[in-house]
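# Understanding the architecture of this molecule
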Amino acid sequence: QVRLVESGGGLVQAGGSLRLSCAASGRTFSSYAMGWSRQAPGKDREFVAGISGSGGNTLYTDSVKGRFTISRDNAKNTVYLQMNSLKPEDSAIYYCTEARGTMALGPYEYWGQGTQVTVAS
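Summary of the structure given here. (Residues numbered from 1 in each chain as written. Predicted model: local features only at pLDDT ≥ 70, side-chain atom pairs only at ≥ 80, totals over all residues. Heavy atoms only, no water.)

Another point: the environment of T115. Checked against the element boundaries, T115 lands in strand β11 (residues 115-120). Classification of T115 by relative accessible area gives buried; the value is 11%. Between the C-alpha atom of T115 and that of Y94, which follows or precedes it by 21 residues, the distance is 5.3 Å. When sequence neighbours within four positions are dropped, the list of residues in contact with T115 reads E6, G8, G9, L20, A92, I93 and Y94. A polar atom in the side chain of T115 sits 3.3 Å from the backbone nitrogen of G9. (Helix = DSSP H or I, 4+ residues; strand = E, 2+ residues; numbered from the N terminus. Buried < 20%, exposed > 50% of the residue type's maximum accessible area, 1.4 Å probe, protein only. Contact = heavy atoms within 4.5 Å. Polar contact = N/O pair within 3.5 Å; in protein donor to acceptor, adjacent residues only side chain to side chain.)

Before going further, it helps to spend a moment on the nonpolar core. Counting residues in each nonpolar core, the largest one holds 26 residues, and the members touching the most others are M34, W36, V79, L81, M83 and Y94. Only β3 (18-25), β4 (34-39), β5 (46-51), β7 (68-73), β8 (78-83), β9 (92-99) and β11 provide two or more residues apiece to this core. (Core = buried A, V, L, I, M, F, W, Y, C linked by side-chain atoms within 4.5 Å.)

Treat this as a map of the structure, not an account of what it does.
If you want it as structure tokens, here you go:
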């Protein structure tokens, strides 16, 4: 059974940084792409970033390109999201996701419970 546990959310001032972590278990970690999605109040859930099983390919939504970096440590079964230059519009619940296959494009079929990120202006 796949289990995804996020950590690292919190309250930060605009312009600050946070690093989210997600510990995965239940499947051979390196065989599956991992991603992060987010949902702000009153808005649809949106894809933020994805990384292939090997870590060689990454994808980002346009609004976070150049500010967020997704990475993974296959030895630790952990995926990270480094978020720099945070903006109030980045405030959301961030969800760790695991894909059906190895491609960063997904589809993503498993979700963690989420961690709250709040960026104060």
